[in-house]
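Listed here are the chains, written in short residue letters.
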Amino acid sequence: MWRDGAACAACFTFDFDAEEVWIGEDPENARRPGVLSQGTYGAKVAVPAILGLLERRGVRATFFVPGRVAERHPGRVEQIVAAGHELALHGYTHRAVTSLDEAEEEEEMERGLAALHRFSPRVLGYRSPSWELTDHTLGLVASHGLTYSSNLMDDVRPYRHEGTGIVELPVHWMLDDAAHFWFDGAGWTNKIATNSEVREIWWGELEGIKAMGGAFTLTMHPQIIGRPSRLSLLDEILSFVTTQEDIWVATAAEITSAS
Ligand SMILES: [Zn+2]
């Protein structure tokens, strides 16, 4: 199934949420510089650091970006595109589409796409904020010229949705840095995982997905995986997959177009 007879594919995806994830959680956060600074770190420090690691390992990744992040941090999005990475849609704001009606959901998609098209004419993928979908989402994805979705957890192999023909690149909480590392001031009982715990989970899933011939799709957030200690975990897995001859490392667009 995979290029050059590889046993599995590996895809590095970054949801570049910056401040928008905090504003999407609570609009009041727009007036709380302390809260927003958690997201600013992603744009200010983490994206350049991640781009450096990707370049050194020769890996092209997929960056899902909300339109408002592209407007707030245009220089960073230019750098992402200039380095040869894929730009994909992650809403306009970071509001869950389940809180919107169909017209609002379409407006989010159109404004988000318009913002990203200023940086790249080729935007093919859609990941919704928080992986939420509505009954309208896949139809809107198809009617706006997008070809794949990366939101659902019902498989480990990419598959085609009936009706729309949109290809799904499956995700899972186990392979999401936020599930292990997310922390905010409202959740003091939340324990922050160690790198070694996450390493055990990620390597175990990689071996299992390889045995099943699937696509190992990591979902990461610059503001989370880009903390100084965690960049070494990212570099470790980049180094590992790029030295395995039976793993095809590719962007989400490349993997879904081969599926
Ligand atoms: Zn997000």
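Residues numbered from 1 in each chain as written. Predicted model: local features only at pLDDT ≥ 70, side-chain atom pairs only at ≥ 80, totals over all residues.

Colleague: Would you explain the overall build of the protein chain in this entry?
Modeller: Summing up its helical and strand segments, the protein chain has 11 helices and 9 strands in all. Taken against the 2.2 N^0.38 rule, which gives 18 Å for 259 residues, the C-alpha radius of gyration of the protein chain at 17 Å falls within 12% of a compact globule. Taken across its 259 residues, the protein chain has 44% of its residues classed as buried. Expressed as a percentage of contacts within the protein chain between residues at least 6 apart in sequence, the contacts between residues at least 24 apart total 73%. (Helix = DSSP H or I, 4+ residues; strand = E, 2+ residues; numbered from the N terminus. Rg over C-alpha atoms; globule rule 2.2 N^0.38 Å. Buried ≥ 20, exposed ≤ 12 C-beta atoms within 10 Å, placed from the backbone. Contact = placed C-beta atoms within 7 Å.)

Colleague: Looking at this structure, how should I read the packing of helix H8 (residues 195–212) against helix H10 (residues 228–242)?
Modeller: The description of two helices packed together rests on the angle between their axes and the distance between the axes. For the pair H8 and H10, the least separation of the axes is 10 Å and the interaxial angle reads 20°. Compared by their axis directions, H8 and H10 come out roughly parallel. Remark: the crossing between H8 and H10 carries right-handed chirality. Contacts between H8 and H10 involve Asn195, Val198, Arg199 and Trp202 from the former and Ser229, Arg230, Leu233 and Ile237 from the latter. Split by residue class, the contact of H8 with H10 holds 4 nonpolar, 2 polar and 2 charged. (Axes fitted to C-alpha atoms, helices over the stretch in contact; angles between N-to-C directions. Parallel < 35°, antiparallel > 145°, perpendicular 65-115°, else oblique. Left-handed = near helix turned anticlockwise from the far one by under 90°. Nonpolar A, V, L, I, M, F, W, Y, C, P; charged D, E, K, R; others polar.)

Colleague: Hey, could you run me through the nonpolar core in this one?
Modeller: Generally speaking, nonpolar side chains in soluble globular proteins are found buried as a group. With 63 residues, the main nonpolar core has Ala9, Cys11, Phe63, Val65, Ala88 and Phe216 as its most contacted residues. For Ala9, the contacting residues outside a window of four places in its chain are Trp2, Ala215, Phe216, Trp248, Ala250 and Ile255. (Core = buried A, V, L, I, M, F, W, Y, C linked by C-beta atoms within 7 Å.)

Colleague: What is the right way to look at the packing of helix H2 (residues 33–57) against H10 in this model?
Modeller: Direction vectors running N to C along H2 and H10 enclose 20°, while the axes themselves pass 10 Å from each other. Taken together, the axes of H2 and H10 lie roughly parallel to each other. Pair H2 / H10 crosses with right-handed handedness. Touching Ala49, Leu53 and Arg57 of H2 are Leu231, Leu234, Asp235, Leu238, Ser239 and Thr242, all from H10. In terms of residue class, the contact of H2 with H10 is built from 5 nonpolar, 2 polar and 2 charged.

Colleague: Sorry if this is basic, but what is going on with the pairing of strand S3 (residues 86–89) here?
Modeller: Along any regular strand the residues' side chains alternate between the sheet's two faces. With burial as the criterion, each face of S3 is covered, one bearing Glu86 and Ala88 and the other bearing Leu87 and Leu89. Here strand S2 (residues 62–65) pairs with S3 via 4 bridges, running parallel. Looking at S3, one finds that Phe64 is bridged to Ala88. (Pairing = 2+ DSSP bridges.)

Colleague: Can you walk me through the environment of Glu168 in this structure?
Modeller: Structurally, Glu168 can be placed in strand S7 (residues 167–168). For Glu168, a count of 21 C-beta atoms within 10 Å puts it in the buried group. Put simply, Glu168 and Gly187 are 19 residues apart on the chain and 32 Å apart in space, counted from C-alpha to C-alpha. Leave out the neighbours within four places in its chain, and Glu168 touches Ser149, Leu152, Pro158, Tyr159 and His161.

Colleague: I keep staring at helix H5 (residues 102–117) and nothing clicks. Help me out?
Modeller: An α-helical segment advances 3.6 residues per turn. Residues three or four places apart therefore align on the same side. Between its first and last C-alpha atoms H5 spans 22 Å; for 16 residues at 1.5 Å apiece the expected length is 22 Å, and the two agree. Against S2, helix H3 (67–72), S3 and helix H6 (137–143) lie the buried residues of H5. (Expected span 1.5 Å × (residues − 1).)

Colleague: Quick question: what am I supposed to make of the environment of Ile225 here?
Modeller: One can find Ile225 in helix H9 (residues 222–225). Residue class for Ile225 comes out buried when judged on the 25 C-beta atoms lying within 10 Å of it. Remark: the alpha-carbon pair of Ile225 and Val47, spanning 178 residues in sequence, is separated by 9.9 Å. Sequence-distant contacts of Ile225, defined by excluding residues within four places in its chain, comprise Asp177, Met220, Arg230 and Leu234.

Geometric values such as these leave the question of function open.
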